[in-house]
Amino acid sequence: EIKITIDGTDVMVAPGATILDAAKKIGVHIPTLCHLDLHDTKMVNQGASCRICVVEVEGRRNLAPACATPVTDGMIVNTRSIKVLHARKVVLELLLSDHPKDCLVCEKSGNCELQDLAITFGIRDIKIGKDGAQSTYRKDVSEAIVRDMDKCIMCRRCETMCNKVQAVGALSGVNRGFNAVVAPAFEVDLIDSVCTHCGQCVAVCPTGALCEKEHIWSVVDALADKDKIVVVQTAPAVRAALGEEFGMEPGTLVTGKMTAALRRLGFNYVFDTDFAADATIMEEGAELVDRLTRFQNGDPTVKLPILTSCCPAWVNFFESQFPDLLDVPSTAKSPQQMFGAIAKSYFAEKMNIPREKMVVVSVMPCLAKKYEASRPEFNRDVDISISTRELAHLIKQANIDFVNLPDEDFDNPLGESTGASVIFGTTGGVIEAAVRTAYEVITGETLEKVDFEELRGFEGIRNATVKVGNLDLNIGIAHGLSNAKALLEEIRNGNPKNFHAIEIMACPGGCIGGGGQPYHHGNSEILKKRQTAIYNEDKNKVLRKSHENPFIKEMYKDYFEKPMSHKAHKLLHTSYEA
Ligand code: HC0
Ligand code: SF4
C-alpha cells in the first residue's frame, strides 16, 4: 500500500489508484465532469479531458487531473487551494463560453452536471469569449433520442458507453476544434446508423447533448380529448424507480401510488404491462417447450438455444449485427407490443371500443420502447411511449402529491399479473419466469420452489443448469450488449455450452437500469436496490407463475384458444429483418 496525504489527512491506497480514488476513500469530494465510474460494468470513462478535477501536488509546477494521476508514496495533495479553485472556475467558464444559455428550457435542467457545477462555483458571468461565435451543429431527432451537439462538452462518456459497454459502435468523436462533436460514422443521423436506441448514452450524458424524445404533451392532449379512451400500461421496472423522482429512497416500491397517480391524471383504464408479460411467457414458454420436444425427438431443423425477444434494443442489435441468426430468437412480441395488440383487439372488442377511439400509452423505463412502438409492423398498437422520468413530470405538473397518495389497484382484466411478470424488470427475470411455467408444462408437476436463485445476480454473463424432469436445461443470461455479443458469438460458433435458452437485455442490470429511468449515474447500489424491490414484489404476490393468472386463462379460453394458435400467431408474434 501507498501512503498519501490529501488536505492534511493521510490515506493508504493500493498502487495504481488515482488521487480521485484516494480522495473518495476518505470522503473528500473532488468535482468531476467527464469522469464516470460505471460500477456495475466495471468500466470507467477516464478521459481526463474536462480538467475540472485538477488538484495541486506538492513539488509539481502544473496542476494534476485527480482522475488520471496515479498516487505515489508520500504524495501531498491539496484539493482546495486558491490556485485550484481559480483553475476550476476558468475551466468552467471556458466550457460555458461555448455552450447555449437556454438552461431554463433544457430537458436536462435540474439533472445537468454542468449546471450543477455552475451553481456550486457561483458562476454569475461568463467573461470568456463573450462576443465570440458559438459552434453549432444540426439537431438530430430520432424516435427515441435527441442529439443536440451544441451542448456537447466532449466528455466522451457516451462513446465509452456505446462502444465499450454496449459494443454498438454508433458514436465516436469526429472533427477538430470548434467543429468537434460526437457523431455516428459519416455524421449520419442516429436513425440511419447502427444505434439500437437503448438510451444508455442519454443515461450517462452529463448535459443536454443527449436527451430522450419527449411525448409528455401528446399524452396531455390525448387525456384532454373527450372522444378518446386512453389506456395506460406500466412496465415492470417503473414501479421500482419512479419514487426516486419524488425524493423517495431508491428501492421503494410505488406500484399502488403509481396506479393512483395514473387514475388521477385521467386515464380511462390503468392497466399493467405485467399482464402482457404473463402472456409473453405463455407464448415464449410454449415456443421453448415446442423446440425442446422437437430437439428431444431428434428433429435436425430445430433452432436452439431460443433467445428472448422482449428488449427492442437487443432485437435491433441482433438484426444488424447477427443477420445470420434471425431465426434463433423467439418470435414472441415484447410485452409492450403484446399489450398494445391485446388492448386493441381482445379488450376493444369486449368493451365495444372502436380502434380509432382508443389511445394506448405505455410508461417504460426505456427509450428503445419509443422506437419499438414506431416500428411499422406494429401498426401503432402502442400510440405513445413515455419514460419513467416523463411520467414523473406529468405527475408533478398535475399537482399530484405523489408521496402521500393511497395505494390503489390496477383495473381488470389487463391489470392482473403474477410475480413471474414483475421480475421481467431485472436481468435474469424473464428466463426465471419462463422456467417456472415451462417446468410445470414439461413435467406435469407442481413447482414448489419458484425462486431460482442460480439465475439471479449482476454478473454480466451468467449460466446455470436447471433440472426440468429428466432434462438438464442449460440457461444463459447476458445484460449489456457487449456481453450479449460475446454470448451470441458462442452461438454462432456452434453453441459449445449447449445452451437451450438465453435471456438478453440490452441495459446493464436489465430494465431497472433502462435509459428512461431516473438518472442513477452508473451507481450500482441504486440498481441493486431496484432489483431487490422487484424480487420483493414477486415474493409478495399470491400468484407467481404466469399460467396461473386467472385473466390470462380467461383470455385464452375466450379469445386465443391456446398459445401459438393461429390467432395468437397473428396478434402476439412478429418476425425480424436484417
Ligand atoms: Fe422491460 Fe419488458 S421487462 S422489456 O425491461 O419483456 O422497457 O420494465 O416493459 O415489453 O414486461 C422495459 C421493463 C418492459 C416489455 C415487460 C419485457
Ligand atoms: Fe429497454 Fe429494458 Fe432493453 Fe434497456 S434492457 S433497452 S430498458 S427493454
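Quantities reported herein were computed from a predicted structural model and do not represent experimental measurements.

### Examining the sheet that holds strand E13 (residues 229–234)
Sheet architecture is open: four strands sit in the order E14-E13-E16-E17, paired in parallel fashion. The open sheet has two edge strands with one neighbour each: strand E14 (269–272) and strand E17 (384–387). Recorded for the sheet is a direction-independent mean angle of 25° between the axes of neighbouring strands. By the bridge criterion, four bridges tie strand E16 (residues 358–364) to E17 in an arrangement that is parallel. From the neighbouring strand, Val363 faces E17, where its bridge partner is Ile386. Sitting on the sheet, helix H12 (residues 388–397) touches E16 and E17, and the angle it makes with E17 is about 90°.

### Focus: helix H10 (residues 335–351)
Bending of H10 peaks at approximately 35° at the position of Ala343. Counting buried residues in H10 gives twelve out of 17 residues, a clear majority hidden from the surface. Along H10, the residues classified as buried are Pro335, Gln336, Gln337, Met338, Phe339, Gly340, Ala341, Ile342, Ala343, Lys344, Tyr346 and Phe347. Those residues of H10 that are buried lie in contact with E13, helix H8 (273–296), E16, helix H11 (368–374), helix H17 (550–560) and helix H18 (566–572).

### What about the site of ligand 2?
Around ligand 2, the structure places 15 residues, and the nearest of them are Cys311, Cys366, Cys507, Cys511 and Gly514. Among the elements that make up the shell around ligand 2, the one with the highest residue count is helix H9 (residues 312–321) (three residues). Taken together, the residues that form the shell around ligand 2 break down as twelve nonpolar, two polar and one charged.

### Observations concerning the domain arrangement of the protein
Accessible area lost on assembly of the parts is the figure often given for the size of an interface. As assigned here, the protein comprises domain 1 (2–80), domain 2 (103–212) and domain 3 (217–572). Spacing between the C-alpha centres of domain 2 and domain 3 amounts to 30 Å. Contacts between the two partners involve 19 residues from domain 2, matched on the other side by 23 residues from domain 3. Only helix H4 (157–165) and helix H5 (200–204) provide two or more residues apiece to the side of domain 2 that touches domain 3. Broken down by element, the side of domain 2 that touches domain 3 gets its largest block of residues, four residues, from H5.

### Re the sheet that holds strand E8 (residues 140–141)
Across the sheet, which stays open at both edges, the three strands sit in the order E8-E9-E12 with antiparallel pairing between neighbours. Here the strands that pair on one side only, and so sit at the sheet edges, are E8 and strand E12 (210–212). With three bridges connecting them, strand E9 (residues 145–147) and E12 associate as antiparallel partners. Within the sheet, the bridge partner assigned to Arg147 lies in E12 and is Leu210.

### Notes on the site of ligand 1
Neighbouring residues of ligand 1: 21 residues in total, closest Ala235, Ala237, Cys310, Pro335 and Cys511. Elements that contribute at least two residues to the shell around ligand 1 include exactly H8 and H10. A per-element tally of the shell around ligand 1 places H8 first, with three residues.

What counts and how
Residues numbered from 1 in each chain as written. Chains lettered and ligands numbered in written order. Predicted model: local features only at pLDDT ≥ 70, side-chain atom pairs only at ≥ 80, totals over all residues. Pairing = 2+ DSSP bridges. Helix = DSSP H or I, 4+ residues; strand = E, 2+ residues; numbered from the N terminus. Axes fitted to C-alpha atoms, helices over the stretch in contact; angles between N-to-C directions. Contact = placed C-beta atoms within 7 Å. Bend = angle between axes of the 7 residues up to and from the residue. Buried ≥ 20, exposed ≤ 12 C-beta atoms within 10 Å, placed from the backbone. Near = placed C-beta within 6 Å. Nonpolar A, V, L, I, M, F, W, Y, C, P; charged D, E, K, R; others polar. Domains from an automatic or database assignment.

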